[in-house]
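# Report on the structure
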Amino acid sequence: MTADAGVNGLTGMGSAKMEISPSGIPGLDKLLQGGFPRGAVILLAGNPGTGKTTFAAKFLYEGALRLKEPGIYVSFVEPRHDFLRHMASLGMEFEPLEEEGLFRYVEALTVADEETLASQLEDIIRTATEMNAKRVVIDSISAILQILQDKPKVRELLQNFFVNGLKPLGITSVLIAEYPYGARVVDHGIEEFIVDAVFILRFKIEQGKLQRILELRKARWAPIHQAELPFYTRPGIVIEISLPEEPEEVPPVDYTRTCNVLEALLALSIGGEKLIEVSLPGTRRDREDARKVLSSILSIPGGAQVLVGLSSTVSSKLIASLLAAALTRESGRRTLVVSFKSSPQSIMSLVRCLACSDAGNEREGGGDSCRVDDLLYVVSLNPTAYTVNEINDMIDLAVRRLKPDIAITEGLEILEAVAGKGNENSIAYNMYNMVLRYKRRGITGLWLQSFPLRQAMLKQTLTSMFDMGIYIESSPYTSSQLMGRASKLALGLSLEVYHAIAHTSFNMLVDTYRLLRWNCFG
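### Looking at the overall build of the chain
In terms of helices and strands, the chain carries 18 helices and 24 strands. Relative to its 522 residues, the chain shows a buried fraction of 54%. The long-range share in the chain, meaning contacts at least 24 apart out of those at least 6 apart in sequence, stands at 75%.

If you want it as structure tokens, here you go:
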């Protein structure tokens, strides 16, 4: 059988149905139509330190742990104890799998000549047959090339081992290769003669930070529409690949799950007294009618995304905390707050005070009205410490863990400022994917960003992605409008709502005196 014949045989040509072997790496399997074809040879090349060993180990580990598929890791470069220790630090415990007969580590560190190498590879095929192995990793082809200097012999050896040896056994194999910096082919290019896919792992510097990239250069069985994929190595998850969201997977908003933001805010009270009032013009009946209209407009359906623009004089932490307290307290819905400028402690303290300080309760609250700790989760991210893409993935990780109904993001202007000029496309790309992700999961999103002017919000790059826009700025009030407490403090706010079917504005008063009296900002 020739190499090309072997490749054609696994690509599903003819009447035979191609059997897929999952890679065990979320995201990659989705992109590659389920994983690798059974019996495929995958070339995994990369610069030193890019994660080749971790990537290949994850392939073996998931196969053995989840699918009970025995695997063999053959290393010409690393002792067994170093490999096991490193993988354990990432959450992959291979020793229990060894005891079950689902994993074997083959040290080939002493192989130094052609005869010993050929014997070693024959032993691997024999071991694979005895174990009924389904997955094999060779680390690395670069070490084999140092032993075999003759190019025709290398090609013959690879042909016999992979195409004639492992492939007929239905063994999916990963072949690791060192990828020299700046090179366009791997070593002499001979490995690509027998492989079905070529993956390149490399680094790039973004915002002064290291970003790992998986480049899909070839996959015979699957169309590749996303050639470069950012990825991360994290304990537990091990390999995290960032995939773009697909718009066709996004359902419409859910009108059976609405959260009435206005009514929830107006229900907030401290010590039994209302914290927020709405100022509407006209007669009493006019005000009642306007209130009903506002309440209807601000009943946000499940999965809708709202851009909340703030003038520079409005505290985003206060607005985020008011929203979080109102929505968790009234609707009982699980809420995630992601902040780029406030600490989790400061937001949680303010929300607890707002949500737990009803009549009859002490400041720390109690009873059914105080469920903040069960319903609210706050994540603070420093955008100077991560790439924009990694921030996107960290938010996604929090979303998957908490499974929130509502997500509030505070401080998007900080993200833009830190990313700086030249990274606008990266911010837009990741923002677009975050918004799509929330929509696809039915999460109602409130996105808080400071803008110098209302017009600036309307010109925001992704304004059309949002279902509603609200711009909030400070508004002066006469003493008679301060909730009847002219001697006390109140924050006047002017809100303008941009809805798909309506455009309206109204004024709101927040009794900040009561917040200070109850030491909510402490």
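There is more to say after this.
### Re the layout of surface pockets
Of the pockets and cavities examined, the largest pocket occupies roughly 410 Å³. Every residue lining the largest pocket is counted, 26 residues in all, and those nearest its centre are P26, G27, E240, I241 and R400. Among the elements of the structure, helix 3 (52-67), strand 11 (238-241), helix 14 (388-402) and helix 16 (424-440) are those that each provide at least two residues to the lining of the largest pocket. Top element by residues in the lining of the largest pocket is helix 3. It accounts for five residues. Classifying every residue of the lining of the largest pocket gives 10 nonpolar, four polar and 12 charged.

### Considerations on empty space enclosed by the protein
Evaluation of the coordinates by the stated rule reveals one cavity of 30 Å³ or more. In this structure, the largest cavity encloses a volume near 190 Å³. Lining the largest cavity are 17 residues, with V261, L265, L323, I472 and L495 sitting closest to its centre. Of all the elements in the fold, those that place two or more residues in the lining of the largest cavity are helix 9 (261-266), strand 17 (305-310), helix 11 (316-331), strand 22 (468-474), strand 23 (491-499) and strand 24 (503-510). Looking at the lining of the largest cavity residue by residue, the classes come out as 17 nonpolar, no polar and no charged.

### What to know about the sheet that holds strand 20 (residues 406-410)
If you walk across this open sheet you meet the nine strands as 15-24-23-22-17-21-20-18-19, and the pairing is mixed. Two strands lie at the open edges of the sheet, namely strand 15 (276-279) and strand 19 (376-380), each paired on one side alone. Between one strand axis and the next, the sheet turns through 20 degrees on average, direction left out of account. Note that strand 15 and strand 24 share four bridges and pair antiparallel. Pairing of I276 across the sheet is with V510, part of strand 24.

### A closer look at a nonpolar patch on the surface
There is a patch of nonpolar side chains on the surface, built from L489, L516 and F521 and spanning about 290 Å² of accessible area. Note that L516 resides in helix 18 (residues 512-517).

### A closer look at the pattern of salt bridges
Here the idea is simple: oppositely charged side chains can pair when their charged atoms come close. In the structure shown here, the tally under the stated rule is 32 salt bridges. When the shortest N-O distance is used, the salt bridge between E62 and K58 registers 2.9 Å. Taken as a pair, E62 and K58 lie in helix 3 at a separation of four residues, close to a single helical turn. Across the pair, exposure class does not vary: E62 and K58 are buried alike. Residue K68 is joined to E100 by a salt bridge in which the shortest nitrogen-to-oxygen separation is 3.8 Å. In this pair, K68 sits in the loop between helix 3 and strand 4 (71-75) while E100 sits in the loop between helix 5 (95-99) and strand 5 (103-107), placing the two residues 32 residues apart along the sequence. Classification of E100 as partly exposed rests on a relative accessible area of 49%. What you see here is one network of salt bridges that share partners, running through K30, E240, E245, E249, D396, R400, R437, R440 and R441.

### Here's the deal with the pairing of strand 24
For a regular strand, the rule is simple: side chains alternate between the two faces of the sheet. In this structure, strand 23 lies alongside strand 24, joined through eight bridges in antiparallel fashion. Among the inter-strand pairings, G492 is bridged to a residue of strand 24, identified as L509. With antiparallel pairing between neighbouring strands as the criterion, strand 23 and strand 24 make up a hairpin whose turn holds three residues.

### Observations regarding the environment of R217
Its location among the elements puts R217 in strand 9 (residues 209-219). C-alpha of R217 to C-alpha of A197: the two residues are 20 residues apart in sequence and 7.4 Å apart in space. At a separation of 3.2 Å, a polar atom in the side chain of R217 contacts the side chain of E215.

About the criteria used
Residues numbered from 1 in each chain as written. Predicted model: local features only at pLDDT ≥ 70, side-chain atom pairs only at ≥ 80, totals over all residues. Heavy atoms only, no water. Helix = DSSP H or I, 4+ residues; strand = E, 2+ residues; numbered from the N terminus. Buried < 20%, exposed > 50% of the residue type's maximum accessible area, 1.4 Å probe, protein only. Contact = heavy atoms within 4.5 Å. 1 Å grid on protein atoms, 1.4 Å probe; cavity = no way out; pocket = protein on both sides within 12 Å on 5 of 7 lines; lining within 4 Å. Points joined across faces, edges and corners; volume = space filled by probe spheres on them. Nonpolar A, V, L, I, M, F, W, Y, C, P; charged D, E, K, R; others polar. Pairing = 2+ DSSP bridges. Axes fitted to C-alpha atoms, helices over the stretch in contact; angles between N-to-C directions. Patch = residues over 30% accessible without salt bridge, like charges linked within 9 Å, V, L, I, M, F, W, Y side chains within 5 Å. Areas by Shrake-Rupley, 256 points an atom, 1.4 Å probe, with all protein chains shown as cover. Salt bridge = Lys/Arg side-chain N within 4 Å of Asp/Glu carboxyl O. Polar contact = N/O pair within 3.5 Å; in protein donor to acceptor, adjacent residues only side chain to side chain.

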